[in-house]
Amino acid sequence: MAGTNRRAAQPSGRSRSRVAATPKRPRRFFDYPRHGLHGLHRWLPSWRFLLGGFLTVCFLGLGAVVAAYALTSIPDPAKDTATQASTVYFANNADGTRGTAMGTFAVQRREIVDFATLPAHVGNAVVAGEDRTFWDNSGVSITGTGRALLNNLRGGSLQGGSTLTQQYAHRYYATRSTRADYVGKFKEAILAIKIARDQDKKVVLGNYLNTIYFGRDSYGIQVAARSFFGVDAKDLTLSQSAVLAGIIPSPNNWDPAKSPDKAQAKWKIVLDAMLTDKAITQAEHDDAVQKGMPATVEYKVAETYQGVNGYILQRVRTELTATGAFTDDTIDGGGLTIITTIEKPVQDEAVRAVGGLLDGTLAGAQPSPQLKVALVSIRPKTGAIVSMYGGPDPLTDAVNRVTLDAVQAGSTFKPFALIAALQQGVPLTTRFNGNTPQKFGDWSVHNFEPTQFGSIDLVTATAQSVNTVYAQLNLKIGPDKTAGAASQAGVTTTPDPNRANVLGTDAVHPLDMASAYATIAAQGTYSTPFIVSEVRYLKDDSVAYKGEKVHEQRFAADVMADTTFAMQQVVQSGSGKQWVKPLGRPIAGKTGTSETNQSAWFVGFTPEISTAVALSQAGGASGHDQVPIDTFGKPGSKPNSITGGTWPAALWASYMKPVLAMAPYATQTPFPARANVGGAPTATSIPTPTQTPTDTAAPVVTPAPVTQIAVPTGLEGKLLSDAEAAVLNAGLQPAVTKESSATVPAGKVVRVDPAAGAMLAPQGTVTLVVSTGPPPVATPTPTVAATPSATPTVAPAA
């Protein structure tokens, strides 16, 4: 039949002979369509063809896998897997060592830990939750991959069938070219096989634990342990480890604080899997289940620069990048331990005291919402900034009122004129006309209050902040000398050498004023203010940076003694008496108020601490201009306005009272006695107030600083690397010698030459004598005796 697919019947007889005589068609290598068949079978491939094709594809696929494996090399880890957060710490106010954490700088909040330090149940919990065949598989799971492929072909949600090693390959070695399709998964699987053959399983698991995201902005097991349970990873319990392992697939959604039911279900699954896999005993499993899923600590989303501490963290970053030794990348991902000079108990008092002013507790009434407060304290002997209130929150007010804002100094500038006068031999006993108003050429000067003081000396003029006396003094010595003294003391803005600068026409930073007064407190030694005490590398705890800078003797001690004496009278009998004197401590300081009440100051110090408080108010058309401070409460000044002796002095006292009870500020070191620079008075009668500045003022002559540097203290007992860093940071050069020591461990400094505190020229040499360990024990050498009575003599060890 025409439609049959069967082969034609073989002919017989003569027909068969004719067929046999027909030449054979040559066999084709690729018999398709199939010869000798008709219809549908002609076009259907034979089983041999199918088998051959299948085997060919298999061999080609296997060859492709082999080639891909051979051509695949393990790349360098992704850049972000090596980044570690840098943690910023408060200082321990007892000795300046590391205190509690203040904040972090991070690309990803990660702190890498050694897998060997972790309890076994941490890794086993993750294996139980993520890949129970991890310890035995070759990096990929054939069954898992097949199951995922079948699910994907059926149209289910996309699955990868990834083993823990494949996840590790994807996350630890991720690149921009990583693909989420089948090609990408194939490459990932090949890499996983390569990793499984080349790397120890513990290395893989350790790197995985340090890499993965656990939620709560936590990368790696160490930060996760702290974020969820407030402990280090080495202290995680079995039950806590099971919680963290359970949420890995969807950490933000399965956080116990958000989805306790889901988190508990996953926690139980992990514990059961660990029991089945014999990673824990039945007793351990039952005990964990009986106690229930452990509670997590409260988590608050933290902005790096949020709140009062945000200004401190900004200053830390600025100070470190200014050294040139640290970039933003290093700070954010270099794994640094940054110890600041900020002492938390002192900082807490600053925040409390300012809060009391702003909420109305201190004054009995709230100030304008636009009032700006700056408060900062410095240790005079070192320049360390121990507290800083730059504002409530840099996210709402970007200007740090301590370091960036500049407000008119008012009468806090008068001590600089006094210093310059004493340097020229003008004694404190010099008398001037203190009446008001007075006119000096075209310059009219009046006192804040209409008191007629008559003839008064510079001590009284300082205590009562008499403008007319200080105007005369400034004209006598030259305004340029006042400006020069301010710069030498620590004012970093450029003071204007105009005749009114003594009355505080210049805008200055509160940090500068605290620093300048600290120079007076340190009897003329200037120390650069700094907020970073020390930086160490997290990986090995080695010192990366020391913050303390060079100290310079910029003023004579007798000039500082007389300046301090006059400034003490401000507190004892002058404009700072009402609030500061009741503290009952020797305190020197100065109030300051600008001409139009746009600023009000109190800056004061003891030998141990210098503190500046400055108030100003924003307003005007832009909302950021400085405007007169609105009166609030009952300041008690005449006229009824905000002056330095009112709420600034009250805030200073509110803050300093508890601080002065803390070590080391509780120590009542006496100020030096009055030195009486210049001897007898240079004027005993009231001068005629007609003096005017000349147009040809002499050029500024700034006393050359004594360029000597003190050998750092506390070097003995330090590791050599730490001591060398301290010497270099001081501007000196270390030299090393070695000797044995019975008391000092090897590698640590035995003594320093010259001794701590000795003054050297810049780049002078400090010899560090380093211990090599205990001296060798002398062993007597046997000697053949010439006679029985001869005895070997052993010299005593040196």
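Okay, the packing of aromatic side chains next. Tallied over the entire structure, the rule returns 13 aromatic pairs. On the basis of an interplanar angle of 75° and a centroid distance of 5.3 Å, the ring pair of Phe602 and Trp652 is categorised as edge-to-face. Linking Phe602 in strand β19 (residues 599-605) with Trp652 in helix α23 (residues 647-659), this pair joins segments that are 50 residues apart in sequence. Trp652 shares its class with Phe602; the two are buried.

Look at helix α4 (residues 120-130) against helix α8 (residues 201-211): their axes get within 11 Å of each other, and the N-to-C directions meet at 85°. Compared by their axis directions, α4 and α8 come out roughly perpendicular. Mapping the contact onto sequence places Val122, Gly123, Val126, Val127 and Glu130 in α4 and Leu205, Tyr208 and Leu209 in α8. By residue class, the composition of the contact of α4 with α8 is six nonpolar, one polar and one charged.

Here three strands make up an open sheet; going across it, the order is β23-β26-β24 and the pairing mixed. Each having just a single partner strand, β23 (733-739) and β24 (749-753) make up the two edges of the open sheet. Pairwise comparison of adjacent strand axes, ignoring direction, gives a mean angle of 25° for this sheet. As paired strands, β24 and strand β26 (residues 765-771) are joined by four bridges and run antiparallel to one another. Residue pairing across strands places Arg751 opposite Val769, the latter belonging to β26.

Before going further, it helps to examine the nonpolar core. Core analysis: the largest hydrophobic core is formed by 73 residues, its most contacted members being Val316, Leu320, Ile338, Phe416, Leu473 and Tyr517. Tallying contributions element by element places helix α20 (residues 510-521) first for this core, with eight residues. The contacts of Val316, once residues within four sequence positions are left out, are Val88, Phe105, Ile338, Thr340, Ile531 and Val532. In this structure, Ala224, Phe228, Val243 and Leu244 belong to the second largest nonpolar core, which totals 38 residues.

Our focus in this paragraph is the pattern of salt bridges. All chains considered together, the criterion is met by 22 salt bridges. A salt bridge links Asp287 to Lys291; its shortest N-O distance comes to 3.3 Å. Residue Asp287 and its partner Lys291 are located together in helix α12 (residues 282-291), separated by four residues, close to a single helical turn. A salt bridge links Arg317 to Asp328, with the shortest nitrogen-to-oxygen separation between them at 2.8 Å. Placement of Arg317 in helix α13 (residues 309-322) and of Asp328 in helix α14 (residues 328-333) is noted, with a sequence separation of 11 residues between them. Each of the salt bridges in this network shares a partner with another, and the network as a whole consists of Lys372, Asp397, Arg401 and Asp405.

A word on the side chain of Gln222. Inspection of the secondary structure assignment puts Gln222 in helix α9 (residues 221-229). Looking at Gln222, the relative accessible area reads 4%, which means it is buried. Polar contacts involving the side chain of Gln222 include one to the side chain of Asp232, which spans 3.0 Å. Apart from the residues lying within four places of it in its own chain, the contact partners of Gln222 are Glu111, Val113, Val231, Asp232 and Ala233.

Next up on the list: α20. For α20, which comprises 12 residues, the first-to-last C-alpha distance of 16 Å matches the rise-based estimate of 16 Å (1.5 Å per residue) to within 8%. Summarising burial for α20: 12 of the 12 residues are buried, a large majority. The set of residues buried in α20 consists of Pro510, Leu511, Asp512, Met513, Ala514, Ser515, Ala516, Tyr517, Ala518, Thr519, Ile520 and Ala521. Following α20 by one or two positions, Gln523 adopts a phi angle in the positive range, close to 55°.

Its location among the elements puts Asp442 in the loop between β10 (438-440) and β11 (443-445). Among the polar contacts made by the side chain of Asp442, one reaches the side chain of Arg499 at a distance of 2.8 Å.

Residue placement: Glu111 occurs in the loop between β2 (98-105) and α4. One polar contact links Glu111 to Arg226, side chain to side chain, over a distance of 2.9 Å. Apart from residues no more than four positions distant in its own chain, Glu111 is found in contact with Gln84, Asn210, Tyr219, Gln222, Val223, Arg226 and Leu538.

Taken together, the side chains of Leu51, Phe54 and Leu55 present a nonpolar region at the surface, about 290 Å² in accessible area. Within the secondary structure, Leu51 sits in helix α3 (residues 47-71).

Across the chain, the average pLDDT comes to 82, with 76% of residues at or above 70. Per-residue pLDDT stays below 50 along residues 175-180; that stretch engages in five contacts with residues further than four places along the chain or on separate chains.

Let's shift gears to unusual backbone geometry. The step from Thr436 to Pro437 runs through a cis peptide bond, and the omega angle for that step is -5°. A cis geometry characterises the amide bond from Ala663 onward to Pro664, with omega recorded as 5°. If you trace the backbone, Pro664 turns up in the loop between α23 and β22 (709-710). Of note in this structure, Ser465 is not a glycine but carries a positive phi near 55°. Along the chain, the position of Ser465 falls in the loop between α17 (458-463) and α18 (467-477).

What follows concerns the pairing of strand β20 (residues 610-619). Counting buried positions over the 10 residues of β20 gives 10, a clear majority of the element. Side chains Ser610, Ala612, Ala614, Ser616 and Ala618 project from β20 onto one buried face, and the interleaved Thr611, Val613, Leu615, Gln617 and Gly619 project onto a second face that is buried too. The pairing of strand β6 (residues 371-378) with β20 spans eight bridges and is classified as antiparallel. Residue Val376 lies in a different strand from β20, and its bridge partner there is Ala612. In this sheet, β20 lies alongside β19 in antiparallel orientation, the contact comprising seven bridges. Among the inter-strand pairings, Gly604 is bridged to a residue of β20, identified as Thr611. Counting the residues that bridge the hairpin from β19 to β20 gives four residues. Counting the residues that bridge the hairpin from β20 to strand β21 (residues 625-626) gives five residues, and of these Gly620 lies at a positive phi of roughly 75°.

The next point concerns the packing of α4 against helix α11 (residues 260-276). Their axes nearest at 8 Å, the elements α4 and α11 cross at an angle of 105°. By the angle between their directions, the pair α4 and α11 is classed as roughly perpendicular. For the pair α4 and α11, contact is made by His121, Asn124, Ala125, Ala128 and Gly129 and by Val270, Ala273 and Met274, respectively. For the contact of α4 with α11, a count of residues per class yields five nonpolar, three polar and no charged.

Here the focus is the pairing of strand β5 (residues 336-343). Here β5 lies mainly inside the structure; eight of its eight residues are buried. Note: strand β1 (residues 86-91) against β5, four bridges, orientation parallel. Residue pairing in the sheet places Tyr89 in a bridge with Ile339 of β5.

Reading the values: the criteria
Residues numbered from 1 in each chain as written. Predicted model: local features only at pLDDT ≥ 70, side-chain atom pairs only at ≥ 80, totals over all residues. Heavy atoms only, no water. Phe/Tyr/Trp six-rings, centres within 6.5 Å; stacked < 30°, edge-to-face > 60°. Helix = DSSP H or I, 4+ residues; strand = E, 2+ residues; numbered from the N terminus. Buried < 20%, exposed > 50% of the residue type's maximum accessible area, 1.4 Å probe, protein only. Axes fitted to C-alpha atoms, helices over the stretch in contact; angles between N-to-C directions. Parallel < 35°, antiparallel > 145°, perpendicular 65-115°, else oblique. Contact = heavy atoms within 4.5 Å. Nonpolar A, V, L, I, M, F, W, Y, C, P; charged D, E, K, R; others polar. Pairing = 2+ DSSP bridges. Core = buried A, V, L, I, M, F, W, Y, C linked by side-chain atoms within 4.5 Å. Salt bridge = Lys/Arg side-chain N within 4 Å of Asp/Glu carboxyl O. Polar contact = N/O pair within 3.5 Å; in protein donor to acceptor, adjacent residues only side chain to side chain. Expected span 1.5 Å × (residues − 1). Patch = residues over 30% accessible without salt bridge, like charges linked within 9 Å, V, L, I, M, F, W, Y side chains within 5 Å. Areas by Shrake-Rupley, 256 points an atom, 1.4 Å probe, with all protein chains shown as cover. pLDDT = per-residue confidence, 0-100.

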